[in-house]
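Fold and contact review
What follows is the residue order along each chain.
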Amino acid sequence: IKGLGGYHLACDALNVEAVQRLRQRKHREAKPFALMVPDLETARLLCEVSDAEAALLQSHRRPIVLIKRYADCLIAPAVAPFQNSLGLMLPSTPLHYVLLDMFASTIGVGTSPTVDRLVVLVMTSGNVSNEPIVYRDDDAQQRLASITDSMLTHNRAIHMRCDDSVIRVAAGGEQFFRRARGYTPEPVLLAAELPTSLLACGGHLKNTFCLGKGRQAFVSHHIGDLENLETLTSFREGIEHFQRLFDIYPQAIAYDLHPEYLATKYALDTDIPHKIGVQHHHAHIASVLAEHGISGPVIGIAADGTGYGTDGAVWGCEILAADLTGFERLAHLTYVPLPGGEQAVRQPWRMAATYLAQVYGDAFQELDIPFVHQLDHSKWRALSQMAARGLNSPLTSSLGRLFDAVAALIGLRNEVLYEGQAAIELEMVAVKSDQTQHYPFAMQRQEGKPVTLDVAPTIRALVNDIQRGLPSSQIASNFHCTIAELLLVASVEARERTGLNSVALSGGVFQNRLLLETLISRLEEMQFQVFINRRVPPNDGGISLGQLAIAAARLRTNTDVVNAGL
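Residues numbered from 1 in each chain as written. Predicted model: local features only at pLDDT ≥ 70, side-chain atom pairs only at ≥ 80, totals over all residues. Heavy atoms only, no water.

**Details of the overall build of the chain**
Applied cut-off: Runs of E in the DSSP output that reach at least two residues are strands. Runs of H or I that reach at least four are helices, and both are numbered from the N terminus. We take the radius of gyration over the C-alpha atoms and set the globule estimate at 2.2 Å times the residue count to the 0.38 power. Residue exposure (1.4 Å probe, protein chains only): buried if accessible area is under 20% of the type maximum, exposed if over 50%, otherwise partly exposed. What makes two residues a contact is simply this: any of their non-hydrogen atoms within 4.5 Å. For the area figures, the Shrake-Rupley method with a 1.4 Å probe applies, and any residue is considered shielded solely by the protein chains shown.
Helix and strand counts for the chain come out as 19 helices and 22 strands. The globule rule puts the C-alpha radius of gyration for 566 residues at 24 Å, and the 24 Å found for the chain is close to it. Referenced to the eigenvectors of the C-alpha coordinate spread, the extents of the chain come out at roughly 70 × 65 × 45 Å. Each of the 566 residues in the chain was classed as buried or not, and the buried ones make up 57%. The contacts of the chain with a sequence gap of at least 6 include a subset with a gap of at least 24, amounting to 68%. Element-wise, carbon and sulfur atoms account for 50% of the exposed surface of the chain, whose accessible area totals about 22800 Å².

**With respect to the pattern of salt bridges**
Note the following rule: The term salt bridge refers to a side-chain nitrogen of Lys or Arg lying within 4 Å of a carboxyl oxygen of Asp or Glu.
The tally for this structure, following the rule as stated, stands at 20 salt bridges. With a shortest N-O distance of 2.8 Å, R468 and D465 are connected by a salt bridge. In the salt-bridge network here, residues are joined through shared partners; they are R61, E186 and R535.

**A few points about the packing of aromatic side chains**
Within a pair of aromatic rings, the relevant descriptors are the distance that separates the centres and the angle that separates the planes. Quick reminder of the rule: Only rings of Phe, Tyr and Trp enter the pairing, Trp through its six-membered ring, and a pair is recorded when the two centres are within 6.5 Å. The plane angle decides the type: under 30 degrees is stacked, over 60 is edge-to-face, the rest tilted.
Scanning the model with the defined rule gives 9 aromatic pairs in all. Summarising the aromatic geometry, the rings of F235 and Y266 are spaced 5.1 Å apart at their centres and angled 80 degrees between planes, so their arrangement reads as edge-to-face. Here F235 is found in helix α6 (residues 229-246), whereas its partner Y266 is found in helix α7 (residues 262-269), with 31 residues between them in sequence. Here F235 falls in the buried class, since its relative accessible area comes to 0%. Taken together, a centroid distance of 4.9 Å and an interplanar angle of 75 degrees make the contact between F403 and F479 edge-to-face.

**Side note on the sheet that holds strand β7 (residues 173-178)**
Our working definition: For two strands to count as paired, DSSP must find a minimum of two bridges between them. To get an axis, a line is fitted to the C-alpha atoms, and for a helix only the part in contact is used. The angle between two axes follows their N-to-C directions and goes from 0 to 180 degrees.
Pairing within the open sheet is mixed, and its 7 strands lie in the order β1-β5-β2-β4-β3-β6-β7. Each end of this open sheet is capped by a strand with a single partner; those strands are β1 (8-12) and β7. With strand direction ignored, the average angle separating the axes of adjacent strands in the sheet is 35 degrees. Strands in contact with helix α4 (residues 94-107) are β1, β2 (34-36) and β5 (121-125); relative to β5, the strand with the most contacts, it is inclined by about 145 degrees.

**A short note on the packing of helix α10 (residues 348-360) against helix α15 (residues 456-467)**
Rules: Orientation is classified from the angle alone, with under 35 degrees giving roughly parallel, over 145 giving roughly antiparallel, 65 to 115 giving roughly perpendicular, and any other angle giving oblique. When residues are grouped by polarity, Ala, Val, Leu, Ile, Met, Phe, Trp, Tyr, Cys and Pro land in nonpolar, Asp, Glu, Lys and Arg in charged, and all others, Gly among them, in polar.
Interhelical geometry of α10 versus α15 gives an angle of 105 degrees and a closest axis separation of 9 Å. Our classification of the angle between α10 and α15 gives roughly perpendicular. For the pair formed by α10 and α15, the contact residues are Y355, L356, V359 and Y360 on the first element and A456, I459, R460 and V463 on the second. Classifying every residue of the contact of α10 with α15 by side-chain character gives 7 nonpolar, no polar and 1 charged.

**Regarding the sheet that holds strand β13 (residues 274-278)**
Pairing between the strands of a sheet is mediated by backbone hydrogen bonds and can be parallel or antiparallel. In space, the 6 strands of this open sheet follow the order β8-β11-β10-β9-β12-β13, with mixed pairing throughout. Pairing within the sheet leaves two strands with one partner each, and these edge strands are β8 (188-189) and β13. Where strand β9 (residues 198-200) lies against strand β10 (residues 210-213), 3 bridges are found, and the strand directions are antiparallel. Each bridged residue has a counterpart across the sheet, and for L198 the counterpart in β10 is G212. Strands β9, β12 (252-256) and β13 of the sheet are contacted by α7, whose axis makes an angle of about 155 degrees with β12.

In C-alpha cells, the structure reads:
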C-alpha cells in the first residue's frame, strides 16, 4: 500500500496465518510489526491508552506510538512476540481511511467496534529486512513482488522516502525510538549560531545525518543500518536532498571515530575542507546538551551496545564529565572480552559464559544451573582460547552486552533475531515487587585511571538466586534495580569529584523504560538535575545532532580555522 513516505506491507492483524506468512516472506523473524487502527476507540480496546498517548495518536504528525497492551487482546501473537506493548498509529492519508472503512464493511463491523470484531491492520515498512523502505513505484513492483499478493498504488509520486516515526511516553514526556515522518525535517533550534555550515554523518546503526547553518540543525529522517549498498545509497541521496532543500553546502564535516563505519568513510572521502572526528559516547551526551540548549559541563551517562573508544576498546557504559568541546572519562563498566566480535552480539550465550568465566574461572562449567547444563562446552573451550589469545575478541565495557548476558543466564534467549532483542525481553519479564532489591557491586579505583564498575559480585548473587529457584521475573527486576543503583552511586562519586550536579542520560540502553524511570527517580531523590533526549532518539539515531554540536563548539574555540574561511 502506497503511503506518504513509502510503501507499507499490510495484512489483517487478527489473522494468525496471514501475519506468519508476512514474517516468512519479509524475512523478519521476530521484530514487532506496527499496527494501524481506524480510531482511538479501537486503540483503547487493544491497549491501556493514557491521555498523553491518545494526544500523540491523534496529533497531525501521526506517529507510531508504543503503548502497553492488554494481555488478552486478540492480535495475532506473531505481531509482537514476547512484547507487552504494541506500536499503534491512526490513518495518515485519505487512502488509509477509505481502506479501513472498506475492510470494516468486508468483515461486518458496524459503527462501534467490539473486542471480537476489530479493524486492525499490520502496517509495516515495505521492504525486505535490512533494506530501506521502498518508495518508487517501479522499485516496489520489483522488490515487493515476492512478498505481496497484490499492490495498491496511485499516481502521486513520493519525492523522498521517509519511514514512520516511533515514539512513546516515558519519564513524564515523549521519547523517540525513530524520528522521521511528521517530525523531519523540522529543525532543532540551537542555543548559539553555528560558526559555519556543517554536516554530521551519524553512526552505523539507526543512522541519521544532520545538516546545520545559523541556529538550525536539520536532523534527517531515519536512514537505517548502514550495512549494504541500498542503505548507503539512501544515505547519500538523503544528504543531497537536504543540501538542495535548505541550501546548505557544508564547510566542515563531523564523523564517528570508528574507522570501518561507512558513514565515517563517506566523510573522509569528501572534499569538505575541515573534518572533525567525534567519540561515539561524547556525541550521545552532546545530543542531550544540544537539544536542551546547554553547553555543559555535566555528568554524562552514556549506555549502549557498541561505541568505538579512544583506547580502541568497545565502550558502552561510560560515566563522563562532558561539555560540547570535550570530555573526561570518570568511570566505566569493567572490561570483558567480546568473544567472536559481532557474533557475541548475535549470540548472548557467549557473553553469559564470558561473565561467568570472569567471576568463577573455568570452574563455572561445574555450576549447577540450567545455563551451564545446556552449554556446548567444546564450543566454549574454543572461544575461550581465542579470547585468551586476543583473536577477534576486543575488550568491551558495554552495558548492552551485560543485559544480553543476564538474559541468557536466566534462560530467556541464547541467540537474537534482531538488535537488542535479549535486553528487551529481559525488561519485559521484570516484575517489580516489594521483594525487589539490588545485588551487590564494587567500585575499583586505581590512581590516574577511571573508576571501574565491577559487577562480579552482581553475577555471583544472581547465580545464587538461580540456584535457589528464584523466579526469572524477580531476578530480572533485581538486576534492573542493581544497574540503576550502580549508575546512581557512580554519579554521586562523580559529583564529589567534579562538583557537577546535572546529569545527562543517553544511549540505546535508555530505551529501557524500567531502567530509565528507576534511575531518574533515584537521581532526583539525590537532588540531581536530570536531562534526557526528547527531540531526538537516545539510540544512535540521535548522535548526528551531538556530532554537529561538538564540531561547532570545537570550531568556535579554533578562531584561526574559522577566520581562514571555515
